[in-house]
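# Descriptive analysis of the structure
Next come the chains, spelled out residue by residue.
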Amino acid sequence: MVHDVVVVIGVGGMGEAIARRQGPGRHVVLADFNAETLERVAAGLRGDGYEVTARTVDVADHASVAALADAAAALGPVTQVAHTAGLSPVQASVEAIVRVDLAGVAYSLAEFGRVVAPGGAGVVIASMAGTMALGRFPAEMEAALALTPAEELLALPFLQPGAVPDPGAAYGIAKRGNQVRVHAASLAWGARGARVNTVSPGIISTPMGQEELAGQSGAMMRAMVEASAMRRLGTPADIAAVVAFLLGPESSFVTGTDVLVDGGVVAALRAGALTLPSA
Ligand SMILES: NC(=O)c1ccc[n+]([C@@H]2O[C@H](COP(=O)([O-])OP(=O)(O)OC[C@H]3O[C@@H](n4cnc5c(N)ncnc54)[C@H](O)[C@@H]3O)[C@@H](O)[C@H]2O)c1
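Described below are features of the structure shown in this document. (Residues numbered from 1 in each chain as written. Predicted model: local features only at pLDDT ≥ 70, side-chain atom pairs only at ≥ 80, totals over all residues.)

Before going further, it helps to spend a moment on the overall build of the protein. From N to C terminus, the protein includes eleven helices and seven strands. A globule of 279 residues ought to have a C-alpha radius of gyration of about 19 Å, and the protein, at 18 Å, matches this closely. Its C-alpha atoms give the protein principal-axis dimensions of roughly 55 × 40 × 35 Å. In the protein, buried positions account for 48% of the 279 residues. Restricting the contact set of the protein to residue pairs at least 6 apart, pairs at least 24 apart contribute 76%. (Helix = DSSP H or I, 4+ residues; strand = E, 2+ residues; numbered from the N terminus. Rg over C-alpha atoms; globule rule 2.2 N^0.38 Å. Buried ≥ 20, exposed ≤ 12 C-beta atoms within 10 Å, placed from the backbone. Contact = placed C-beta atoms within 7 Å.)

Given below as structure tokens:
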């Protein structure tokens, strides 16, 4: 029997939680750059009765993403796509963050926008870092991030070496870029009868979140959590719950938008409960 296909790109903390939540009754395609992570998560899900196909992908390689989209579509109707693959500032250089977090999402939107089934939906995991950048970039820069053809994105002058001071700045540009690009891509996805949105997490306890907390920005991140309304770290399950809503039938009128899931960190910053050094 052919089941609907749910594709989860990036199977770290959030990706695994999303796959577990969306997977029952569907064919789960898991994709990640890290073969070890991929096999571990795939084996865990198979052991729990999920129908799983695992594929390595490098989201920074357009051809690799195109091959993943084709392989997923060959398994059945691709009704749900969750793009969670990403690198954080402590993990990577400016160049790697731009290639993976910015261009990778553009390739995914283009290729899954080509194969997504009518009635289907996609979610890209952006970040509250993108929401914090709201209003900081010139309108022309946001338009370029939203609309430049995927193949030309990396040639944009403001992404060239030297133009981006550090990985944190690259991450903010990439994640704001994800938000505006998904807004724009909702038209192409809509032409296929499908929807696409971003979720912007705050500080979530995943391998990436823990690495960031242990790094240079850890103290500031803990201060953000303390100043926020919820005063706790988010869990992968908190993100998976919102992704489930956005991928499911209850959000059939929601597309081209962002849902901030940050426990109130951005609200606290805007209310002046905490001031960031760079703000
Ligand atoms: N954890 C947080 O606090 C937090 C906060 C805001 C946003 N985010 C974003 O959420 C998303 C998911 O993060 P997470 O916390 O689950 O992190 P994670 O590190 O647990 O998972 C990320 C996964 O992406 C994979 N990946 C990295 N580069 C790749 C590539 N080129 N191709 C394919 N896969 C690749 C990694 O191997 C890893 O399995 C990321 O985009 C991240 O930027 C995380």
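Attention now goes to the site of the ligand. Taken together, 30 residues lie near the ligand, and Gly12, Gly86, Thr206, Met208 and Gly209 sit nearest. Contributing elements (two or more residues each) for the shell around the ligand: helix H1 (13-22), helix H4 (94-115) and helix H8 (207-214). (Near = placed C-beta within 6 Å.)

Turning to the pairing of strand S1 (residues 5-9), a few remarks are in order. Across the five residues of S1, five count as buried, placing the element largely inside the fold. Of the two faces of S1, the one holding Val5, Val7 and Ile9 and the one holding Val6 and Val8 are both buried throughout. Here S1 runs beside strand S2 (residues 27-32); their pairing, made up of five bridges, is parallel. Counterpart to valine 6 in the pairing with S2 is valine 28. (Pairing = 2+ DSSP bridges.)

This part takes up the nonpolar core. Core analysis: the largest hydrophobic core is formed by 80 residues, its most contacted members being Val7, Val8, Leu30 and Val243. If one sorts the elements of this core by residue count, H4 sits on top with twelve residues. (Core = buried A, V, L, I, M, F, W, Y, C linked by C-beta atoms within 7 Å.)

This part takes up the sheet that holds strand S4 (residues 78-83). Here we have seven strands laid out as an open sheet, ordered S3-S2-S1-S4-S5-S6-S7, and parallel in their pairing. Taken across any chain shown, the strands that pair with only one partner, and hence form the sheet edges, are strand S3 (51-56) and strand S7 (258-261). Neighbour-to-neighbour, the strand axes of this sheet turn through a mean angle of 15°, independent of strand direction. Where strand S6 (residues 195-201) lies against S7, four bridges are found, and the strand directions are parallel. (Axes fitted to C-alpha atoms, helices over the stretch in contact; angles between N-to-C directions.)

Keep in mind that most residues, glycine aside, have a negative phi and that most peptide bonds are trans. In this structure, arginine 231 takes a positive phi of about 50° despite not being glycine. Topologically, arginine 231 is positioned in the loop between helix H9 (218-227) and helix H10 (236-247). Given 11 C-beta atoms within 10 Å, arginine 231 falls into the exposed group.

Looking now at the packing of H1 against H10. At their nearest, the axes of H1 and H10 sit 9 Å apart, and the two run at 50° to each other. Judged by the angle between their axes, H1 and H10 are oblique. Where H1 crosses over H10, the handedness of that crossing is right-handed. The residues of H10 that touch H1, namely those facing Gly13, Met14, Ala17, Ile18, Arg21 and Gln22, are Pro236, Ala237, Ile239, Ala240, Val243, Ala244 and Leu247. Across the contact of H1 with H10, the residue classes tally to ten nonpolar, two polar and one charged. (Parallel < 35°, antiparallel > 145°, perpendicular 65-115°, else oblique. Left-handed = near helix turned anticlockwise from the far one by under 90°. Nonpolar A, V, L, I, M, F, W, Y, C, P; charged D, E, K, R; others polar.)

Where S2 meets S3, six bridges bridge the pair, whose relative direction is parallel. Looking across to S3, one finds that aspartate 32 is bridged to threonine 56. Crossover connection from S2 via helix H2 (residues 35-47) to parallel S3: handedness right-handed. (Right-handed = clockwise from strand over helix to strand, strands pointing away.)

Let's shift gears to the environment of valine 6. Along the polypeptide, valine 6 turns up in strand S1. Judged by C-beta crowding, with 26 C-beta atoms within 10 Å, valine 6 ranks as buried. Counting along the chain gives twelve residues from valine 6 to isoleucine 18, while the straight-line C-alpha distance between them is 9.8 Å. In contact with valine 6, not counting residues within four places along its chain, are Gln22, Gly23, Arg26, Val28, Thr79 and Gln80.

This brings us to the environment of arginine 192. Tracing the backbone through its elements, the reader meets arginine 192 in the loop between helix H7 (167-191) and S6. On the basis of neighbour count, arginine 192 is assigned to the partly exposed category, with 15 C-beta atoms found within 10 Å. Along the backbone, arginine 192 and arginine 40 are 152 residues apart, and their C-alpha atoms lie at a distance of 34 Å. Other than its neighbours up to four places away in sequence, arginine 192 contacts Val116 and Pro118.

This part takes up the environment of leucine 187. Looking at the element boundaries, leucine 187 is found in helix H7. Here leucine 187 falls in the exposed class, since 12 other C-beta atoms lie within 10 Å of it.

All quantities given are derived from atomic positions and should not be read as evidence of function.
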